[in-house]
Amino acid sequence: MATDTKGSSTAEPGPGRRLPGGVPPVVRRVFRDNGALGALLALVAVLALLSPDFLTTRNLMNVGAQAAVVAVLAFGVTFVIVSAGIDLSVGSVAALSAMVLAWTATSQGLPVWLAVLCALVTGLACGLVNGVLVAHGRLPSFIATLAMLSVARGLGLVISQGSPIAFPDPLAFLGRNLGDWLPVPVLVMLAMAAVAAVVLNLTYSGRAMYAIGGNEEAARLSGIRVSRQKLVVYGLSGVFAAVAGIVLASRLVSAQPQAAFGYELDAIAACVIGGASLSGGVGRASGTLIGALILAVLRNGLNLLNVSAFWQQVAIGAVIALAALLDTLRRRT
Amino acid sequence: MTPSDRRSSAPIVRAEGVTKAFPGVVALDGVDFEVRAGEVHVLLGENGAGKSTLIRLLAGAHRPDRGRIVVDGRPVRVHGAQDAERLGIATIHQEFHLVPDLTVAENLFLGRPPRRFGLVDRARMEADAADLLARVGVNVSPRARLRELGVAHRQMVEIAKALSVRARVLVMDEPTAVLTGGEVERLFAIVRRLRADGVGVVFITHKLEEVAQLGDRVTVLRDGRSVARVPAGTDRDELVRLMVGRSIEAQYPRERGPVDADGPPLLRVRGLRRAGAFDGVGFDVRGGEVVGLAGLVGAGRTEVVRAVFGADAYDHGSVQVRGAPLPGHDVAASLAAGVGFVPEDRKGQGLVLGASVGENLGLVTLRRASRGGLVDRAGQRRAAAAMAARLGVRMAGLDQPARTLSGGNQQKVAIGKWLLAGSRLLILDEPTRGVDVGAKVEIYRLVNELTAAGHGVLMVSSDLPEVLGMSDRVLVMCRGRLAGELAGDAATQDAVMALAVGSARPADLAR
């Protein structure tokens, strides 16, 4: 993954603080920059000991496929959180985008490539509306995206008349495996992780996100056109949501109006577990990926251990609090 | 007891051999310090010398690693603000601890509002607040929201709050940094009255002329150690020498160079007006000169320079850079035209504190360093390293967060990002506020360097000796208008103050 960002500068580089000597510096840096990576590895180790079924290619790939939708949503949300905003609408926007795809392709007979474009444009449009409300309407992002959460969900229901629409066959491969073992959603997740990392680390807009999230007024007085960059931020989040929606619908083989319900909270949790700060200026694509994987591994492991779905919710909530707590402590020392 | 009895009496609060280390730095190293009843004890030192850490120990925000705090001869452990308050120690911090959305009265009684039947007694709270405000001599409604007040009034509210806890020791961290003229005089009057009442005052300042005006004793800190305890009447040069450990030849080393008199001026402002803020403001800045903008806090200086730069909008008037009109309220256009702005609120507006030194230095040039949307980060880093070296930024490395730099080094970064952008005209708003003596002179030298290279500097400053010492011409603002321009021998403190206060407030001329 690309070079350092603010995540590394806020964490003190304490020499060999958590790791014994003799560890290559590259590995040490990866751990220092991604506090959650240790937690993920510990979780994997524990589950491998407890359940013989956990550490199999088949199961791990299954975990990856399950993580994919939340991860892709979370990359989009990472842009927003880094710029000190919040996006609650991504679950609804994902469902709406998938619905637009299925509806234009199945009911309206559009070619599939055009239907995919329509879905992406839908995501972009929702994001831009969020961006306009936040940047020009001066609404708090919480309120603007809460409104979009409702609007997008409602539009999906309107288009579908409340029932699922079949997903076009040519896209079914998106939900399947490549070479019998590699799920396509995992590939999509990794590709989007790379895109998010490049955007955050190497593009003007990405660096502007860190500046805006760190101190919006200082960014404005340094010549960054904050309003325009916020449109980019929320627009990107919308496009990532559309991609996540398409992946989800292909896994379900249909676009469902209630799909991805509540996923925005998982996406935010993934960002926070991965070390992003809700007060802005801090966050990494790699961290968010790890955060999404932690959530998926935990769900999968608890299933394998036959923990009831009710207790699973409790466990996941506890992990979110613990991760955030550990990160706070790590920054303080 | 008479005041003389008190003066000979034992100290109220004493720090004995206190040591405090933070990761990577020993902030205090075996420092002794004491405050007696009825004295003003001035604490001097460059930024990073350990003054803030020492008063945080007294206020209970930190605890010493070694050594102890003694109150009335008994060792105490101060855990937090409420403990300190119980012991009679009140602190007025540099960053105000006030809630902008609450009223003045609510802020004064924050956490301990007067209650009646378990409910907040608002009427009594507001009456008590009015009494406190009257004691401080500030004309502010107890019902006003703090957000609506200017920085000088907020300072007064903070002082009133400290009085409300009946402090026996009052610690004031650079209270005059944001005040001017009459406000400083009023503050001094309050401090003198407290001293007469037997309160021990710890007074931190960077303005050396205030030491003799107000202080009784001076303790000088340098690099975490107490290097001297001297009477307040000590010669100013001697104090500077003690603070920096070397003598500083000239406090204001302005070197006037040739002013670029040909062609259109670097900056031409005509008839600038914004309703309620300023009106009819016009002036030129030419290449090679430093133009100072003096006046009282609230005279509209900051508002004018922000409007000129495009940070805020204006209603009427025009701004031209080298003859070309500059669109209003457009920072990116100013950047493109070669105008840079270093705001007075360094932490709130000048820097992204959580970001590294390197990222802050590269902020303005971010757009220019982008090709097809991708930033040349290696190039940005090289340029930042070169600029940090040129400005002598003292740091662990480019990755150090800007938050952890001292005030002077933060200011160098805030200026450096504009120099990287090649700004021809720099607007500096209070460039040396909260900056220690050594770094101040470095900033002045930088200004000389820039004007020698043909750049222009427009400098707002509330520090009269500074604005007189460093400016080639001084513009004085009074209540939103330019009251006059002074140059050469005509530019004296008295002349500036006379223009700044207008004829309506002759009392302030006493300064």
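Predicted model, so just to flag it, every value in this text is computed and none were measured. (Residues numbered from 1 in each chain as written. Chains lettered and ligands numbered in written order. Predicted model: local features only at pLDDT ≥ 70, side-chain atom pairs only at ≥ 80, totals over all residues. Heavy atoms only, no water.)

Caption draft 1: Geometry of unusual backbone geometry. Unusually for a residue other than glycine, Ala260 of chain A sits at a positive phi of about 60°. Backbone geometry at Asp72 of chain B places phi at a positive 55°, although glycine is not the residue there.

Caption draft 2: Spotlight on the sheet that holds strand 10 (residues 200-204) of chain B. All names here are of chain B. Ordered by their spatial adjacency, six strands build an open sheet running 6-9-10-3-11-12, and the pairing between neighbours is mixed. The open sheet has two edge strands, strand 6 (89-92) and strand 12 (225-231), and neither has a second partner. Between one strand and the next, the sheet's axes are offset by a mean angle of 20°, whatever the strand orientation. Pairing of strand 3 (residues 40-44) with strand 10, which is carried by four bridges, proceeds in the parallel orientation. Bridge pairing in strand 10 links His41 to Val202. Packing of helix 7 (residues 181-196) onto the sheet brings it into contact with strand 3, strand 9 (169-173) and strand 10, and relative to strand 9 it is tilted by some 155°. Contacting strand 3, strand 11 (217-222) and strand 12, helix 9 (residues 236-244) runs over the sheet at an angle of about 35° to strand 11. (Pairing = 2+ DSSP bridges. Helix = DSSP H or I, 4+ residues; strand = E, 2+ residues; numbered from the N terminus. Axes fitted to C-alpha atoms, helices over the stretch in contact; angles between N-to-C directions. Contact = heavy atoms within 4.5 Å.)

Caption draft 3: Here's a closer look at the interface of chain A and chain B. On the side of chain B, 34 residues touch chain A, which itself brings 25 residues to the contact. Here chain A and chain B share an interface that buries about 2300 Å² over both sides, 55% of which is from carbon and sulfur atoms. Broken down residue by residue, the surface that chain A buries against chain B is led by Tyr204, Leu221 and Ser222 of chain A, which jointly contribute 29%. The interface formed by chain A and chain B contains four salt bridges. Across the pair Arg225 of chain A and Asp330 of chain B runs a salt bridge whose closest N-O atoms are separated by 3.2 Å. The tally of links from chain A across to chain B stands at 11 residue pairs in polar contact (both at pLDDT 80 or more). (Buried area = accessible area lost by both parts, 1.4 Å probe. Salt bridge = Lys/Arg side-chain N within 4 Å of Asp/Glu carboxyl O. Polar contact = N/O pair within 3.5 Å; in protein donor to acceptor, adjacent residues only side chain to side chain.)

Caption draft 4: How the structure looks around the nonpolar core. Judged by nonpolar contacts, the single largest core of 91 residues is most densely connected at Phe75, Phe79, Met209 and Phe240 of chain A. If you tally residues by element for this core, the top one is helix 4 (residues 57-82) of chain A, at 15 residues. Setting aside residues no more than four positions away along its own chain, Phe240 of chain A makes contact with Val72, Phe75, Gly76, Phe79, Met192, Val195 and Ala196 of chain A. Core analysis: the next-biggest nonpolar cluster, separate from the first, contains 79 residues, Ala388, Leu398, Leu419 and Leu446 of chain B among them. (Core = buried A, V, L, I, M, F, W, Y, C linked by side-chain atoms within 4.5 Å. Buried < 20%, exposed > 50% of the residue type's maximum accessible area, 1.4 Å probe, protein only.)

Caption draft 5: Representation of the domain arrangement of chain B within the structure. Residue and element names in this part refer to chain B. Here chain B is partitioned into domain 1 (3-244) and domain 2 (267-338 + 424-510). A straight line from the C-alpha centre of domain 1 to that of domain 2 covers 32 Å. Between domain 1 and domain 2, the contact holds 16 residues from the first and 14 residues from the second. In this structure, the connection of domain 1 to domain 2 is made through zero salt bridges. Here domain 1 and domain 2 share zero residue pairs in polar contact (both at pLDDT 80 or more) between them. Of the residues in the side of domain 1 that touches domain 2, the class split is eight nonpolar, five polar and three charged. (Domains from an automatic or database assignment. Nonpolar A, V, L, I, M, F, W, Y, C, P; charged D, E, K, R; others polar.)

Caption draft 6: Spotlight on the confidence of the model for chain B. All names here are of chain B. Considering every residue of chain B, the mean pLDDT works out to 86; 94% of them sit at 70 or more. Confidence drops under pLDDT 50 across residues 1-8; counting only partners more than four residues distant or on other chains, this segment forms nine contacts. Within the model, the stretch residues 503-511 combines pLDDT values under 50 with 12 contacts to residues more than four positions away or in other chains. Interface predicted TM-score (ipTM) for the complex: 0.84; the corresponding pTM is 0.78. (pLDDT = per-residue confidence, 0-100.)

Caption draft 7: Representation of the packing of aromatic side chains within the structure. Going through the model one piece at a time under the given rule, you end up with five aromatic pairs over all chains. With centroids separated by 5.5 Å and ring planes inclined at 45°, the aromatic side chains of Tyr252 of chain B and Tyr444 of chain B adopt a geometry described as tilted. Taken together, the residues Tyr252 of chain B in the loop between helix 9 and strand 13 (267-274) and Tyr444 of chain B in helix 16 (residues 437-452) connect sequence positions 192 residues apart. Under the relative-accessibility criterion, Tyr252 of chain B is labelled partly exposed at 25%. Overall, Tyr444 of chain B belongs to the buried group, its relative accessible area being 2%. Ring geometry for Phe309 of chain B versus Phe341 of chain B: centroids 5.1 Å apart, planes at 35°, classification tilted. Placement of the pair is Phe309 of chain B in helix 10 (residues 301-309) and Phe341 of chain B in strand 18 (residues 339-342), with a sequence separation of 32 residues. Taking relative accessible area as the criterion, Phe309 of chain B reaches 0% and is therefore assigned buried. Of the residues examined, Phe341 of chain B reaches a relative accessible area of 1% and is grouped as buried. Aromatic rings pair up to connect Phe309, Phe341 and Trp418 of chain B into one cluster. One cation-aromatic arrangement involves Arg367 of chain B over Tyr204 of chain A; the distance from NZ or CZ to the ring centre is 3.8 Å. (Phe/Tyr/Trp six-rings, centres within 6.5 Å; stacked < 30°, edge-to-face > 60°. Lys NZ or Arg CZ within 6 Å of the ring centre and 35° of its normal.)

Caption draft 8: Local environment of helix 8 (residues 184-202) of chain A. Taking 1.5 Å of rise per residue, the 19 residues of helix 8 of chain A would be expected to cover 27 Å, and the 27 Å separating its terminal C-alpha atoms lies within 8% of that figure. Of the positions making up helix 8 of chain A, those classed as buried are Val184, Pro185, Val186, Val188, Met189, Met192, Ala193, Ala196, Ala197, Val199, Leu200 and Asn201 of chain A. (Expected span 1.5 Å × (residues − 1).)

Caption draft 9: Seen up close, the packing of helix 9 (residues 204-214) of chain A against helix 11 (residues 226-252) of chain A. Residues and elements named next belong to chain A. In the contact formed by helix 9 and helix 11, the axes pass within 10 Å of each other and the chain directions differ by 110°. When the interaxial angle is binned, helix 9 and helix 11 end up roughly perpendicular. Where helix 9 abuts helix 11, its residues Tyr204, Ser205, Ala208, Met209 and Ile212 lie against Val226, Gln229, Lys230, Val232, Val233 and Leu236. Among the residues making up the contact of helix 9 with helix 11, the classes are represented as eight nonpolar, two polar and one charged. (Parallel < 35°, antiparallel > 145°, perpendicular 65-115°, else oblique.)

Caption draft 10: How the structure looks around the sheet that holds strand 13 of chain B. All names here are of chain B. Taken together, the four strands give an open sheet; going across it, the order is 14-13-16-17, and neighbouring strands pair in antiparallel fashion. With partners counted over all chains shown, the strands left at the sheet margins are strand 14 (278-285) and strand 17 (324-325), one partner each. With two bridges joining them, strand 16 (residues 316-321) and strand 17 adopt antiparallel strand pairing. Note that in strand 17 the partner of Val321 across the bridge is Ala324.

Caption draft 11: Molecular detail of the pairing of strand 3 of chain B. Among the five residues in strand 3 of chain B, five count as buried, and that is most of the element. Burial along strand 3 of chain B is two-sided: Val40, Val42 and Leu44 of chain B and His41 and Leu43 of chain B, pointing in opposite directions, are all buried.

Caption draft 12: Structural context of the side chain of Thr288 of chain A. Within the secondary structure, Thr288 of chain A sits in helix 13 (residues 285-304). With sequence-adjacent residues up to four places away left out, Thr288 of chain A is seen in contact with Ala74, Phe75, Thr78, Ala270, Cys271 and Gly274 of chain A.

Caption draft 13: Looking closely at the pattern of salt bridges. Inspection of every chain in the model, using the stated rule, returns 39 salt bridges over all chains. Note that Arg122 of chain B is salt-bridged to Glu126 of chain B, the shortest N-O span being 3.9 Å. Of this pair, Arg122 of chain B and Glu126 of chain B both sit in helix 5 (residues 122-136), four residues apart, which is roughly one turn of the helix. The exposure class assigned to Arg122 of chain B is partly exposed, which follows from its relative accessible area of 39%. Exposure remark for Glu126 of chain B: the relative accessible area of 13% places this residue in the buried category. Taking the shortest distance from any N to any O, the salt bridge between Arg256 of chain B and Asp472 of chain B comes out at 3.1 Å. Of this pair, Arg256 of chain B sits in the loop between helix 9 and strand 13 while Asp472 of chain B sits in the loop between helix 17 (464-470) and strand 23 (473-478), and the two are 216 residues apart along the sequence. Look at Arg256 of chain B and you get exposed, because its relative accessible area is 53%. Three or more residues are tied together by salt bridges with common partners; here these are Glu217 and Arg220 of chain A together with Arg306 and Asp312 of chain B.

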